[in-house]
Amino acid sequence: INEQQDDGSWLYFGSMHHEKWGGKRTVDCHHTATNLTTLLTILENSDVLNPEVKDKLIAACDLGINFFINNFFDQNGRGIVVIGMKRPACSVQYSEAVFSFCKYMQSTHCKNIELKRQVSDLLPKIIQRLCDLVNKDGTVPSGIYFGKYYNLQSIRWCSGPVLQAIITYIAYITTIHNYH
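Small disclaimer: the values here were computed from a predicted structure and weren't measured.

This next bit is on the packing of helix α2 (residues 29-44) against helix α3 (residues 51-72). Interaxial distance between α2 and α3 falls to 10 Å at its minimum, and their mutual angle equals 150°. As the angle between them shows, α2 and α3 are arranged roughly antiparallel. For the element pair α2 and α3, the recorded crossing hand is left-handed. Contact residues: C29, T32, A33, L36, L39, L40, I42 and L43 in α2; K54, L57, I58, C61, G64, I65, F68 and F72 in α3. Among the residues forming the contact of α2 with α3, the class breakdown is 13 nonpolar, 2 polar and 1 charged.

Attention now moves to the pattern of salt bridges. What the rule picks out here adds up to 5 salt bridges. Between D74 and R78 there is a salt bridge, with its nearest N and O atoms 2.8 Å apart. A residue is classified by how much of its surface remains accessible, and D74, at 27% relative accessible area, is partly exposed. Among the salt bridges present, the one from E114 reaches R117, with a minimum N-O distance of 2.6 Å. Here E114 pairs with R117, and both are found in helix α5 (residues 113-132), just 3 residues apart, close to one helical turn. The class of R117 is partly exposed, set by a relative accessible area of 41%. Connected through shared salt-bridge partners, E114, R117 and D121 make up one network.

This part covers the packing of aromatic side chains. Considering all chains together, one arrives at 7 aromatic pairs under this definition. Ring geometry for F68 and F101: centres 5.2 Å apart, planes at 50°, overall tilted. Remark: F101 occurs in helix α4 (residues 91-106) and F68 occurs in helix α3; sequence separation between them is 33 residues. Consider the rings of F73 and Y94, whose centres lie 6.5 Å apart with planes at 35°: the pair is tilted. With F73 in the loop between α3 and α4 and Y94 in helix α4, this pair connects stretches of sequence that are 21 residues apart. Each member of the pair, F73 as well as Y94, is classed as buried. Put simply, the rings of F67, F68, F72, F73, Y94 and F101 touch in pairs and so form one group of aromatic residues. Over the ring of Y104 we find K116, and its NZ or CZ is 5.7 Å from the ring centre.

Membership of the largest hydrophobic core comes to 42 residues, with the highest contact counts inside it found for I65, F68, F73, V98, F101 and I126. Those elements that place two or more of their residues in this core are α2, α3, α4, α5 and α6 (159-179). Among residues more than four places away in sequence, those in contact with I65 are L36, S100, F101, Y104, L115 and V119.

What counts, and where the lines are drawn
- Residues numbered from 1 in each chain as written.
- Predicted model: local features only at pLDDT ≥ 70, side-chain atom pairs only at ≥ 80, totals over all residues.
- Heavy atoms only, no water.
- Axes fitted to C-alpha atoms, helices over the stretch in contact; angles between N-to-C directions.
- Helix = DSSP H or I, 4+ residues; strand = E, 2+ residues; numbered from the N terminus.
- Parallel < 35°, antiparallel > 145°, perpendicular 65-115°, else oblique.
- Left-handed = near helix turned anticlockwise from the far one by under 90°.
- Contact = heavy atoms within 4.5 Å.
- Nonpolar A, V, L, I, M, F, W, Y, C, P; charged D, E, K, R; others polar.
- Salt bridge = Lys/Arg side-chain N within 4 Å of Asp/Glu carboxyl O.
- Buried < 20%, exposed > 50% of the residue type's maximum accessible area, 1.4 Å probe, protein only.
- Phe/Tyr/Trp six-rings, centres within 6.5 Å; stacked < 30°, edge-to-face > 60°.
- Lys NZ or Arg CZ within 6 Å of the ring centre and 35° of its normal.
- Core = buried A, V, L, I, M, F, W, Y, C linked by side-chain atoms within 4.5 Å.

The following block contains the structure:
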C-alpha cells in the first residue's frame, strides 16, 4: 500500500530502488495487475487485519482498479503494456487483468458500484481479446515484437496464463450465474 502512487499506480521498481539507482519511473500493466490481485487476495483474508488497515486496503484496491481501467484499456478492451508507450498488450497483460478484475468483482469488501460496473463492461472484452490470441492449434504467442507475434510457447508467458485466465473467468461467470 505504501508504494502506491497518488494516482493509484505502482512503479515497476519500488521507491527504494529509484532512490538508490535512479532511472525512469515506469508503470506497466502486468505488475499493476499483479499488485491488485495480491492486495485483493489479502483483502479476502482480512479477518486478521485491524479495521484501519482493512479500510486502507479497500481504498488502495479501489484507487488501483480505477487507475488500471482508465490507463491501460480503451473502451473496446484493447490494452497497452506500459504507460506512455504504444506497445499493445499481449497474453500476459490480458491474463493478469482477468485475474485482478475477477478478484475485484468477487470482493465483498470493495463496494464501489461504478467501478464494478466499469469492470463488468470491460471484462468480457478483455476475455475476447485474450481468446483472439489463441491460435487454431491452441498455441498462444507471448507478445508482439517488431510488428510480428513472437511465439515463445512458454507455459509461463503464453499458454499457461491464458488457460488460467479463461478458467478464472469461467469460474467467475459460473458463480455469478449460479448466485442469481
